[in-house]
Amino acid sequence: MRIGELSRRTGVSARSLRYYEQQGLLTACRDASGYRRYGADAVETVGRIRELLAAGLGTEAIREVLPCAHGGPALESCDLTLRVLGEQLGRIDAEMAELRRRREALVALGAP
């Protein structure tokens, strides 16, 4: 399918699809006219990319775990995915701790 059809089927802009391709998350081949052509699995791949982005993973981490992201809502459990997801959880925990510290500082300053 061409990029416009993939965009319609996924609800993701053609610009974002080109970005995913540029980041190595999505692959396309070129037809004789130079148009991008995506395989039938591209719809599922784009859905997984969106899920992983929504979970807070960056494109580099997604590129690492995407091969384990198929066939259901969860990732295949392997050392790589456990490491990447563990790192992401660690970053989120650190951010939450920093937000709690800031909140406490605001309360100490007299915030309601």
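For the structure itself, consult the block above.
If you're wondering where the values come from, they're calculated on a predicted model, not measured in any experiment.

Undergrad: I'm lost on the environment of Ser-16 in this one. Help?
TA: With respect to the helices and strands, Ser-16 occurs in helix 2 (residues 14–22). Its relative accessible area of 23% is what places Ser-16 among the partly exposed residues. The spacing of Ser-16 and Arg-103 is 87 residues in sequence and 35 Å in space, taken between C-alpha atoms.

Undergrad: What is the right way to read the nonpolar core from this model?
TA: Residues Leu-6, Leu-17, Tyr-20 and Leu-26 are the most contacted members of the largest nonpolar core, which totals 20 residues. When residues of this core are traced back to their parent elements, those giving at least two are helix 1 (3–10), helix 2, helix 3 (42–54) and helix 4 (59–65). Looking at this core, the element that brings in the most residues is helix 3, giving four residues. Sequence-distant contacts of Leu-17, that is, excluding residues within four places in its chain, are made with Ile-3, Leu-6, Ser-7, Val-12, Leu-26, Tyr-38 and Val-46.

Undergrad: What am I meant to see in helix 1 here?
TA: Residues lying three or four places apart along an α-helix face the same way, a consequence of the helix completing one turn every 3.6 residues. Taken as a whole, helix 1 has its buried residues at Ile-3, Leu-6 and Ser-7. An end-on view of helix 1 places all buried positions within 100° of arc, on one side of the element. Residues Arg-8 and Arg-9 are exposed on helix 1 and point more than 90 degrees away from its buried face. Buried residues belonging to helix 1 abut helix 2, strand 2 (36–37) and helix 3. Where helix 1 terminates, the next one or two residues include Gly-11, which has phi positive at roughly 75°.

Basis of the calculations
- Residues numbered from 1 in each chain as written.
- Predicted model: local features only at pLDDT ≥ 70, side-chain atom pairs only at ≥ 80, totals over all residues.
- Heavy atoms only, no water.
- Helix = DSSP H or I, 4+ residues; strand = E, 2+ residues; numbered from the N terminus.
- Buried < 20%, exposed > 50% of the residue type's maximum accessible area, 1.4 Å probe, protein only.
- Core = buried A, V, L, I, M, F, W, Y, C linked by side-chain atoms within 4.5 Å.
- Contact = heavy atoms within 4.5 Å.
- Arc of directions from axis to C-beta.

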